[in-house]
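What the coordinates show
Below are the chains, spelled out letter by letter.
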Amino acid sequence: MKIYNTLSRTKEEFVPVQEGKVSMYVCGPTVYNLIHIGNARPMIIFDTVRRYMEYKGYDVNYVSNFTDVDDKIIAKAIAEGVSASEISEKYIAECKKDMEGMNVKPATTHPLATQEIDGMIKMIRTLIDKGYAYVVEDGTVYYRTRKFTEYGKLSKKNIDDLEAGKRIAVEEQKEDALDFVLWKPKKEGEPYWESPWCQGRPGWHIECSVMAKKYLGDEIDIHAGGEDLIFPHHENEIAQSEAANGKPFAKYWMHNGFLNIDNRKMSKSLGNFFTVRDISEKYDLQVLRFFMLSAHYRSPLNFSADLMEASRHGLERIVTAAERLRELTASAAEGQITEQERTLLEEAEGFVKKFEAAMEDDFNTADGVAAIFELVKFINSNGKAEQTKAFLAELEKRLALMCDIMGIITEKKERGLDKEIEALIAERQAARKEKNFARADEIRDQLLAQGIVLEDTREGVKWKRV
Ligand code: AMP
Ligand code: ZN
């Protein structure tokens, strides 16, 4: 398996630190708002990487943090007259709902910055003891960037060029413009913790170094996030962890490209900003997931209504094929796989191999999706009612294998939107029982407006999309 490593700027063969195990740390969102579709990209991509690793038999320890103390959280808390933790708890819960909708598996651990302050104080102390950090008069602790001679190795920045663009602000007491904050004193009204230096709170970068060490160890396999994190966040994490632990930090650094909207940077001020929740009002979030996987993770990806429509159609094709195959299998005759079916299965296996080859090549999900479509086409022309149950089940297994790795749910009843439809159908049945035909008709019309047609059959109410 090859992974493009930002550290070497090349595709490297994946060799885990410990045989059979994969430790992954993915920088998570700062929780002061509903997550936007840009934040969803690393969640979906690295969840897919995890699923593929698990498919390969690795025991994956996946850690993704929530940054729950930060200027933006505090500002929002002050504006709304509530505590910072009320804001962060609310948006963590909302984020988890969005993750579920996108079929992103919960991490092995989702640590919170505010729960890891002791570890941060300990690491900062070690950095001070080793001469990599210093305390100034007001109790701020800075990292002594120039002391870490490899600074810039991830972002390929030259320390002198960086220096040239920086000035020390008058109010700062740091030794060098490149030094960054590890701990800072509280301001009035802000949450704070006791520390040996002052009552205050940590800088942003230290939390990830500490959580990665605590939950995954000093040396980890994969550290990931969006490409905006390469500098300074990940560069600073390397400086902190390698100086404190005296060991190389992450073996492979993976970064996803940015998501743009209509070929422009997504931003609130441009008015082209979507939350995952906005999208969920129009689409099943599975469509968003499928859309994200249709491009290579390192490429920039443009979000547009047309591309979402194309993704909806594509996903529908896969789901329909899977549904049809399930129905065929259920009613097919038992019996030995025939010689002709065996030949067909070899062909079907070829698509799985293609899919695996795409994933082994730095998780080329775009080619992976293409392999799924090839299998779908093959199923549509070769899956027939007269075939044996065993053969059809084998086809089903191959399609399910690829869909599971991509996190695509092909069973209609399991999908979020479908749950809502089924709840409405149940409500309509209840209304009819109570002879509330007005409500029953209203529900029928509401579903029709969503393109759902109901059919009353002997086995109960069935529905389909038109
Ligand atoms: P943040 O909450 O800004 O720290 O972001 C959380 C994660 O989302 C990080 O891995 C970011 O790199 C990633 N991210 C933020 N915006 C985008 C975007 N427009 N496209 C892709 N990834 C993004
Ligand atoms: Zn981080």
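Residues numbered from 1 in each chain as written. Chains lettered and ligands numbered in written order. Predicted model: local features only at pLDDT ≥ 70, side-chain atom pairs only at ≥ 80, totals over all residues. Heavy atoms only, no water.

A tally of regular secondary structure across the chain gives 15 helices and 15 strands. With the principal axes as the frame, the chain shows a C-alpha extent of 80 × 55 × 35 Å. Of all 466 residues assigned to the chain, the portion counted as buried reaches 51%. Summarising the internal contacts of the chain: among those between residues at least 6 apart in sequence, 74% fall at separations of at least 24. On the chain, roughly 21800 Å² of surface is accessible, and the fraction owed to carbon and sulfur atoms is 50%. Across the chain, the centroid of the 67 positively charged side chains sits 2 Å from that of the 79 negatively charged ones. (Helix = DSSP H or I, 4+ residues; strand = E, 2+ residues; numbered from the N terminus. Buried < 20%, exposed > 50% of the residue type's maximum accessible area, 1.4 Å probe, protein only. Contact = heavy atoms within 4.5 Å. Areas by Shrake-Rupley, 256 points an atom, 1.4 Å probe, with all protein chains shown as cover. Lys, Arg positive; Asp, Glu negative; His and termini not counted. Charge placed at Lys NZ, Arg CZ, Asp CG, Glu CD.)

Time to look at the environment of serine 241. Following the sequence through the fold, serine 241 ends up in helix 7 (residues 230-245). Exposure remark for serine 241: the relative accessible area of 0% places this residue in the buried category. Taking the C-alpha atoms as reference points, serine 241 and leucine 127, separated by 114 residues in sequence, lie 9.3 Å from one another. Within the local environment of serine 241, its side chain forms a polar contact with the side chain of serine 209, the two groups lying 2.8 Å apart. (Polar contact = N/O pair within 3.5 Å; in protein donor to acceptor, adjacent residues only side chain to side chain.)

Turning our eyes to something else, we now look at the sheet that holds strand 13 (residues 301-303). Strand order across the open sheet formed by three strands is 12-11-13, with mixed pairing between neighbours. For this open sheet the edge positions go to strand 12 (264-265) and strand 13, each flanked by a neighbour on one side alone. (Pairing = 2+ DSSP bridges.)

A word on the packing of helix 6 (residues 205-216) against helix 7. A pair of packed helices is captured by two measures, namely the crossing angle of their axes and the spacing between those axes. One can describe the packing of helix 6 onto helix 7 by two numbers: an axis separation of 8 Å at closest approach and a directional angle of 50°. The orientation of helix 6 relative to helix 7 falls into the category oblique. For the element pair helix 6 and helix 7, the recorded crossing hand is right-handed. From helix 6, His205, Ile206, Cys208, Ser209 and Lys213 reach across to helix 7, where they touch Pro232, His233, Asn236, Glu237, Gln240, Ser241 and Asn245. Classifying every residue of the contact of helix 6 with helix 7 by side-chain character gives three nonpolar, seven polar and two charged. (Axes fitted to C-alpha atoms, helices over the stretch in contact; angles between N-to-C directions. Parallel < 35°, antiparallel > 145°, perpendicular 65-115°, else oblique. Left-handed = near helix turned anticlockwise from the far one by under 90°. Nonpolar A, V, L, I, M, F, W, Y, C, P; charged D, E, K, R; others polar.)

Our next topic: the domain arrangement of the chain. Domain boundaries assigned for the chain yield domain 1 (2-256), domain 2 (304-406) and domain 3 (419-465). Listed as interface residues are twelve residues of domain 1 and, on the opposing side, eleven residues of domain 2. Here domain 1 and domain 2 share an interface that buries about 1100 Å² over both sides, 58% of which is from carbon and sulfur atoms. On the domain 1 side of the contact with domain 2, Thr48, Tyr52 and Tyr55 bury the most area, a combined 49% of that side's loss. Connecting domain 1 to domain 2 are two salt bridges. Note that glutamate 360 is salt-bridged to lysine 56, the shortest N-O span being 2.8 Å. (Domains from an automatic or database assignment. Buried area = accessible area lost by both parts, 1.4 Å probe. Salt bridge = Lys/Arg side-chain N within 4 Å of Asp/Glu carboxyl O.)

Within the protein, the atoms that donate to the zinc ion (ligand 2) are Cys27 (SG), Cys208 (SG), His233 (NE2) and Glu237 (OE), at distances of 2.1 to 2.7 Å. Geometry at the zinc ion (ligand 2) is irregular, judged from the four donor atoms that bind it and their angles of 71 to 128° at the metal. Classification of cysteine 208 by relative accessible area gives buried; the value is 1%. (Donors = N, O, S within 2.8 Å, 3.2 Å for Na, K, Ca; no water. Tetrahedral: all angles 85-135°; square planar, octahedral: opposite > 155°, others 65-115°.)

Counting residues in each nonpolar core, the largest one holds 88 residues, and the members touching the most others are Met53, Met102, Ile222, Leu288 and Phe363. Considering every element that reaches this core, the biggest residue donor is helix 1 (residues 37-55), with nine residues. Dropping the residues within four chain positions of it, phenylalanine 363 is found in contact with Met1, Ile3, Val49, Tyr52, Met53, Met254, His296, Tyr297 and Ala358. Residues Met120, Ile159, Ile206 and Ile238 belong to the second largest nonpolar core, which totals 42 residues. (Core = buried A, V, L, I, M, F, W, Y, C linked by side-chain atoms within 4.5 Å.)

Counting buried positions along strand 3 (residues 21-26) gives five out of six residues, so the element sits mostly inside the fold. Running through helix 1, the crossover from strand 3 to the neighbouring parallel element strand 4 (residues 59-64) is right-handed. Sheet analysis places strand 3 next to strand 9 (residues 220-226), joined by three bridges and oriented parallel. For methionine 24, the partnering residue across the bridge sits in strand 9 and is isoleucine 222. (Right-handed = clockwise from strand over helix to strand, strands pointing away.)

Right, let's talk about the site of ligand 1 for a bit. Every one of the 16 residues lining ligand 1 counts as a neighbour, but Thr30, Gly38, Gly226, Asp228 and Leu259 are closest to it. A distance of 3.4 Å is found between a nitrogen atom of ligand 1 and a side-chain nitrogen or oxygen belonging to asparagine 256. When isolated, ligand 1 has an accessible area of 480 Å², and the protein chains bury 87% of it. Going through the elements one at a time, helix 1 and strand 9 are the ones with two or more residues in the shell around ligand 1. Split by residue class, the shell around ligand 1 holds six nonpolar, nine polar and one charged. (Near = heavy atom within 4 Å.)

With antiparallel pairing, the four strands of this open sheet are ordered in space as 5-6-7-8. Lying at the two open borders of the sheet, with one neighbouring strand each, are strand 5 (133-135) and strand 8 (200-202). For this sheet, the mean angle separating the axes of adjacent strands, direction not counted, is 20°.

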